[in-house]
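Chain and residue survey
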Amino acid sequence: MMEFALFLGCTIPARLNQYESSSRAVLEKLGVGLIDIREFNCCGYPLRNIDFKIFLLSSARNLALAEKKNLNIMTLCKCCYGSLKKADFLMKENASLRKEVNATLEKEGLKVEGGIKVKHLLSVLYKDIGIETIKGKMDRTFKRLRMATHYGCHALRPSQVVEFDNAVAPSLFDQLVEVTGAESIDWPMKLECCGAPLWGINDRLSMDLTLKKLNDGKTSGADYLCAACPYCHIQFDQVQKRILSQRNVNHPLPSILYTQLLGLSLGVDKKSLGLEMNEIPITGIEELLSKETELAEQPESTEKKESSKD
Amino acid sequence: MFLKVSLYISLVIFLVGLVYKVSTWFRYKIGIGAEEISTSTRFFSTLRGILSTVFSFKILTLLKVFVLDVLLQFRILREDFLRWIMHIFIYGGFMLLLLMHALDKTITVAIWKNYYSTVNPFMFLRDLFGAFVIVGVLIAIYRRFILKVPRMFTNAMDIYTILIVAVIMLSGIFLEASKMVAYSDYKRMVDEYSGLSDPEELKSLEAYWVKEFGTVSPNIKGPFDEKILTKGKDLHQSSCAECHARPQWAFTGYGAAKLITPIGLSIDRARLPSVLWYIHILACFVGLAYLPFSKMFHIFASSVSLLANGVIGKEKLAPANRATLQAMELDACTHCGTCSLRCSVIMAFEEISNINIFPSEKIGSIKALACGNALSSKELRHLQEGVYLCSNCYRCTVVCPVGINLQDLWFNVRETLLRKGYPEFLVLSPLSFYRGLMKEETVLKDYEKPLTQAREAIAAQCELMKKKDKVLALTPTNRKLQSGLNLSAQAKTFSACFSCQTCTTVCPVVGNYENPQEALGLLPHQIMHAAGLGLRDLAFGSNMLWDCLTCYQCQEQCPQGVHVTDVLYELKNLAVKQVREKTPEPIERK
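Just so it is clear, the structure is predicted and the values come from calculations on it, not from any experiment.

Each value, and the rule that gives it
Here the residue numbers are simple positions, counted from 1 along each chain's written sequence. Labels follow written order: the first chain is A, the first ligand is 1, and so on. Totals for whole chains, interfaces and linings use all residues, but because this is a predicted model, local features are given only for residues with pLDDT of at least 70 and pairs of side-chain atoms are given and counted only at 80 or more. By convention in this description, side-chain values take in all heavy atoms of the structure and omit both hydrogens and water. Each residue carries a pLDDT value, the predictor's own confidence for that position, ranging from 0 to 100. It only takes one pair of heavy atoms within 4.5 Å for two residues to be counted as in contact. Note: buried area is the sum, over both parts, of the accessible area (probe 1.4 Å) each one loses when the two are combined. Take a side-chain nitrogen of Lys or Arg and a carboxyl oxygen of Asp or Glu: if they are within 4 Å of each other, that pair is a salt bridge. N or O atoms closer than or at 3.5 Å make up a polar contact, with two conditions inside protein: a donor-capable atom paired with an acceptor-capable one, and, for residues adjacent in sequence, both atoms drawn from side chains. In this text, helices come from DSSP runs of H or I with a minimum length of four residues, and strands from runs of E with a minimum of two, each type numbered from the N-terminal end. Among the buried residues, those of types Ala, Val, Leu, Ile, Met, Phe, Trp, Tyr and Cys that are joined through side-chain atoms within 4.5 Å form a nonpolar core. Partly exposed describes any residue whose relative accessible area lies between the buried limit of under 20% and the exposed limit of over 50%, with all areas from a 1.4 Å probe on protein chains only and scaled to the type maximum. A pair of strands is labelled paired if DSSP reports no fewer than 2 bridges between them. By convention a crossover is right-handed if, when the strands point away from the viewer, the path from the first strand over the helix to the second runs clockwise. Note on geometry: axes are C-alpha line fits, over the in-contact stretch for helices, and angles between N-to-C directions span 0 to 180 degrees. Only residues whose relative accessible area exceeds 30% and that form no salt bridge are eligible for patches; like-charged ones are grouped when within 9 Å, while nonpolar side chains (Val, Leu, Ile, Met, Phe, Trp, Tyr) are grouped when within 5 Å. Note on areas: these come from Shrake-Rupley sampling with a 1.4 Å probe, and a residue is covered only by the protein chains present in the view.

1. Concerning the confidence of the model for chain B
Model confidence for chain B is summarised by a mean pLDDT of 91, while 95% of its residues fall at 70 or above. Among the scores for the predicted complex, ipTM is 0.93 and pTM is 0.92.

Below is the structure:
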């Protein structure tokens, strides 16, 4: 069985439980084993602005912990992913830095040698499990669902470090979204930032950027926005809720976590998906689910739709 | 007489202390909103809260928490088995000793009419409970000083706590042991209870006790004749056994008695049993009197914290009750270090010598702040940095064995400290994401102030930025700045910049403004250029630095391979470092 050390980071357990529970449920369904390492600490991302060394030490300690158990790391958060990848990159690239970091880690009997890989949930789904396998496990697919897929900066860039997908024309996430039957639309601002890194630092600017992106999604015809990062999702959910009231925006572009979307079509139990925990309601998306697994229209689909609603 | 007087004195001190300490829960002001609420409002609000909880279905939750968390301490068990064993042994043993041994004349006698401290099972149980405590204390010492549990700090109060328990227990055991060997105690019992007067009989009994029970006699010494021993045994059975079990049953005392047998006579002559009795009693009374002021107060406060937080859960509290809860929680903390062990950002301590980064140590500083001690500016800044250096992951709150809502405490203290006006540069990091989400909990003017203040403090260091119209002299290149930009091993690439402005063109932040220079100061390509020229002030003083999303668009698209985002990261690090170094009494970095 495929096994990963699950790196939850700080935001998910504290503020986005539905991402953890839906990810665990989806991955269980797909036969991925998850090991929890309690000693994991913050990836260091929030401290990079202030102190590079703290960032690096924090990140490297996580790498060392996973390495000790000889497990590859899977992150659910793209900022954690970017940080751990950056640390992994530096540890491999820069021998003197590695020596310095290991000298500190040694106090706890830890060491980074670069023997493990850091992956994001999406790359595990795409590269390790594969689109075809996921397709084979589909219970229901979405019909007429237009999705604005949001990649997230720290997974895509800097491409030299993160090795996630083609940074200019990525398709990995779009393909994963389309597995569920949804249409992943083209929208000009697809690869732009969600605005979360400035939330709490410069709220006005942060909201400006989020609003621009949301408007772009809406004008491009999206029904929902799909994210696979706690920062992006909270920005599109909790912060969008504030934008709606403070900037007189009429209707929202609700954000759904990818594991919630995939979980719905895999037939994962609703409790783990926690759809009702999103602040901007997304429960309406269930109405777009149809019972058949094939994407092609089938004549008796309407009947099945009826029964699936029961 | 001595017993009574000292008991009452210590009891009075204990009770006054208890009232005093509980009153601080209503008087100490922690965090935003607490200042405006009077003590009486808080008291009555708490009273109302307690009453409405007790007379509702929540009473069931309270009962559950009381059994599982207060009595059985499942929250400790969940975190650390050894610690749970340690604590259950100390607390269980001590409580049982208190009820069955210290209060035997009131409690034990009332339950078991035939209670005598010298008969079984009471004699055995007393030693068994004592042994529990001793084992617990030994584990405590082992954990702290030999196993050295990571990130557990030992302060004076922890040592006092271990010491007072150890003194009470050891004096008790050695008191028992010394009475076992002491001839005068033996003599007293024979005189009082045996009714024997025949010297032959007395001698046989004495021989039997010396042989079997470890009494050290000045008169006779073994080996004894079999006949005498048989006779002594018969006499023991008829005169003593009914009221005095074999001392071996009191196994800890008996073991200790074996140790001190060689000096048994001197012990008796020096009247050590009564000296030990005084030590034992006094230690108990000192422990009692000092309890409200010591870590031992957690017996009450931690139980209250578990019960209160058990029913509160994620419910939002009225400000008056929140203030009271948080003051109480400071007393509930046992300084066990579980929060520090699980803290997410603890690697920061490897770079910053600030003990307040550890949650378990923050509590101490917050206590000092809450009780109104005048903290120096350095102490305040230390604490401020400590409470801000937090990824708000809630882990401390989840793991706290006494259920303290630490996360909320940090948030509250953080906001209070930020109001004091010392610039905190950590606000300019994504650590502030949580603060942004909690915005509605703060006053808007207090929310914005720390953000502008931190930016202004950094910009104030940059002379060139202040004089917008000044014509720049061709300043010699600041090589120190350039060579300083090598932390991430990639940032040094800025020298390849040929000012094509791609970075600025693709920057979503720049694109957000009609007049970006007015809002942001230098734009990305200009900052790269300034760094290339060694113009530190220009590079540090721009808003662009702190408004950078770190989305890496610039870096990804730079045709020259300049690591623009990484350079910006590094400039931010340097700017903070520089302004910190210039602060009087800076917090030490490693």
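2. Side note on the interface of chain B and chain A
Interface size is commonly expressed as the accessible area that is lost once the parts come together. Facing 62 residues of chain B, the contacting portion of chain A comprises 61 residues. Both faces considered, chain B and chain A share a buried interface measuring about 5300 Å² in area, 55% of it formed by carbon and sulfur atoms. D566 of chain B serves as the salt-bridge partner of R48 of chain A, at 2.9 Å between the closest nitrogen and oxygen. The interface formed by chain B and chain A includes 28 residue pairs in polar contact (both at pLDDT 80 or more). Where the side of chain B that touches chain A is concerned, the elements lending two or more residues are α4 (74-79), α20 (395-399), α22 (432-437), α23 (444-459), α27 (508-511), α32 (553-557) and α33 (564-582) of chain B. It is α33 of chain B that contributes the most residues to the side of chain B that touches chain A, six residues altogether.

3. Observations regarding the nonpolar core
The biggest cluster of nonpolar side chains holds 112 residues, and the ones touching the most others in it are L125, M147, Y258 and L261 of chain A. For L125 of chain A, the residues in contact, after removing those within four places along its chain, are L27, L30, G130, I131, I134, L176, Y258 and L262 of chain A. Core analysis: the next-biggest nonpolar cluster, separate from the first, contains 67 residues, I54 of chain A together with Y388, Y447 and L571 of chain B among them.

4. Remarks on the sheet that holds strand β8 (residues 224-227) of chain A
The strand order across the open sheet built from four strands is β7-β6-β8-β9 (chain A), with neighbouring strands paired in parallel fashion. Each edge of the sheet is formed by a strand with only one pairing partner; in this case those strands are β7 (183-184) and β9 (255-257) of chain A.

5. Some words on the pairing of β8 of chain A
All names here are of chain A. Residues of β8 alternate between two faces, with Y224 and C226 on one and L225 and A227 on the opposite face, all of them buried. Two strands pair when backbone bridges link them, and strand β6 (residues 146-149) and β8 are joined in this way by three bridges, in the parallel orientation. Within β8, the residue paired with T149 across the bridge is C226. Taking the sense of rotation as the criterion, the β-α-β connection linking β8, helix α12 (residues 230-246) and β9 turns out right-handed.

6. Notes on the environment of T550 of chain B
Within the secondary structure, T550 of chain B is located in the loop between α31 (543-546) and α32. Sequence spacing of T550 of chain B and V564 of chain B is 14 residues, and the spatial spacing of their C-alpha atoms is 9.6 Å. Among residues more than four places away in sequence, those in contact with T550 of chain B are N49, H154 and P197 of chain A together with T565, Y569 and K572 of chain B.

7. Here's the deal with the sheet that holds strand β4 (residues 118-120) of chain A
Whenever strands of a sheet pair, they do so through backbone hydrogen bonds, lying parallel or antiparallel. Residue and element names in this part refer to chain A. An order of β2-β1-β3-β4 is seen for the four strands of this open sheet, with the pairing classed as parallel. Both outer strands of the open sheet, β2 (32-36) and β4, are each paired with one neighbouring strand and no more. Averaged over all adjacent pairs, the angle separating strand axes in this sheet is 40 degrees, with direction ignored. In this structure, strand β1 (residues 2-7) lies alongside strand β3 (residues 72-75), joined through four bridges in parallel fashion. When the sheet's bridge partners are listed, F7 is paired in β3 with T75. Lying on the sheet, helix α4 (residues 78-93) is in contact with β1, β3 and β4; it crosses β4 at an angle near 160 degrees.

8. Some thoughts on the environment of S303 of chain B
All names here are of chain B. Summarising the element assignment, S303 is placed in helix α15 (residues 298-312). With a relative accessible area of 19%, S303 lands in the buried category. Considered as a pair, S303 and E448 are 145 residues apart in the sequence and their alpha carbons are 39 Å apart. Discounting chain neighbours no more than four positions away, the residues touching S303 are V70 and H298.

9. Details of a nonpolar patch on the surface
Residue and element names in this part refer to chain B. A cluster of nonpolar residues, L82, L138, I141, Y142, F145, I146, L147, I159 and L163, forms a patch on the protein surface that exposes about 810 Å² of accessible area. Only α7 (122-147) and α8 (156-181) provide two or more residues apiece to the nonpolar patch. At six residues, α7 tops the list of elements feeding residues into the nonpolar patch. By the secondary structure assignment, I159 is in helix α8.

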